[in-house]
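Here is what each chain is made of, one letter per residue.
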Amino acid sequence: MAEPRTLKFPELSLVVLMGASGSGKSTFARRHFLATEILSSDACRGLVSDDESSIDASKDAFDVLHFIAGKRLARGRLTVIDATNVQSESRAPLVALARE
């Protein structure tokens, strides 16, 4: 049996998980990161609409997600984005945020 791998990141990192819905991103995130380090697009949809699957709440949810990610990064905190992020245009604001 292979030894489990240990993931190491600088404290100030933005980790962006990518993959289709149901591919295991959330499970991976929960296994490897603190709950406070993970920003989930589904959870943000729930915060703004009381429904984690409400697609019409996505713009507001991502506004919230990007805002919190920016605040965490400004404080030098590891931040993990749990969202599909499969399209380059959805990753672009996160790349810009990380560069700031």
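J.: Quick question: what am I supposed to make of the overall build of the protein chain here?
T.: The helix and strand inventory of the protein chain stands at 4 helices and 3 strands. Beginning at the N terminus, the succession of helices and strands in the protein chain can be written as β-α-β-α-α-β-α. Here the protein chain has a C-alpha radius of gyration of 14 Å; the compact-globule value for 100 residues is 13 Å, and the two agree. If you line up the protein chain on its principal axes, its C-alpha atoms span 45 × 30 × 25 Å. By residue count, 34% of the 100 residues in the protein chain fall in the buried class. Look at the contacts in the protein chain between residues 6 or more apart in sequence, and 63% of them connect residues 24 or more apart.

J.: Just to check I follow, could you spell out the environment of G70 for this structure?
T.: Its location among the elements puts G70 in helix α3 (residues 58-74). In this structure, the C-alpha to C-alpha distance between G70 and A98, residues 28 residues apart in sequence, is 8.3 Å.

J.: How do you make sense of helix α2 (residues 41-49) when you look at a structure like this?
T.: Along an α-helix, residues three or four positions apart point the same way, because every turn accommodates 3.6 residues. Along α2, the residues that are buried comprise S41, C44, R45 and G46. Where α2 is buried, its residues meet β2 (38-40), α3 and β3 (79-82). Between a side-chain oxygen at the N-terminus of α2 and the backbone nitrogen of D42 the separation is 3.2 Å; the capping residue is S40. Positive backbone phi, approximately 65°, marks D50, located one or two places after α2.

J.: Would you explain the side chain of S58 in this entry?
T.: Mapped onto the elements of the fold, S58 is located in helix α3. For S58, a relative accessible area of 16% corresponds to the buried category. One polar contact links the side chain of S58 to the main-chain carbonyl oxygen of I55, over a distance of 3.0 Å.

J.: Looking at this model, I keep getting lost on the sheet that holds strand β1 (residues 14-17). Mind explaining?
T.: Hydrogen bonding along the main chain pairs the strands of a sheet, whether they run parallel or antiparallel. Strand order in the open sheet formed by 3 strands is β1-β3-β2, with parallel pairing between adjacent strands. Both outer strands of the open sheet, β1 and β2, are each paired with one neighbouring strand and no more. Averaged over neighbouring strand pairs, the angle between their axes works out to 20° when direction is ignored. Of the strand pairs in this sheet, β2 and β3 are connected by 3 bridges, and their pairing is parallel. In the sheet register, I38 faces β3, and the bridge partner there is V80. Seen against the sheet, helix α1 (residues 25-32) touches β1, β2 and β3 and runs at an angle of roughly 145° to β1.

The rules behind the values
Residues numbered from 1 in each chain as written. Predicted model: local features only at pLDDT ≥ 70, side-chain atom pairs only at ≥ 80, totals over all residues. Heavy atoms only, no water. Helix = DSSP H or I, 4+ residues; strand = E, 2+ residues; numbered from the N terminus. Rg over C-alpha atoms; globule rule 2.2 N^0.38 Å. Buried < 20%, exposed > 50% of the residue type's maximum accessible area, 1.4 Å probe, protein only. Contact = heavy atoms within 4.5 Å. Polar contact = N/O pair within 3.5 Å; in protein donor to acceptor, adjacent residues only side chain to side chain. Pairing = 2+ DSSP bridges. Axes fitted to C-alpha atoms, helices over the stretch in contact; angles between N-to-C directions.

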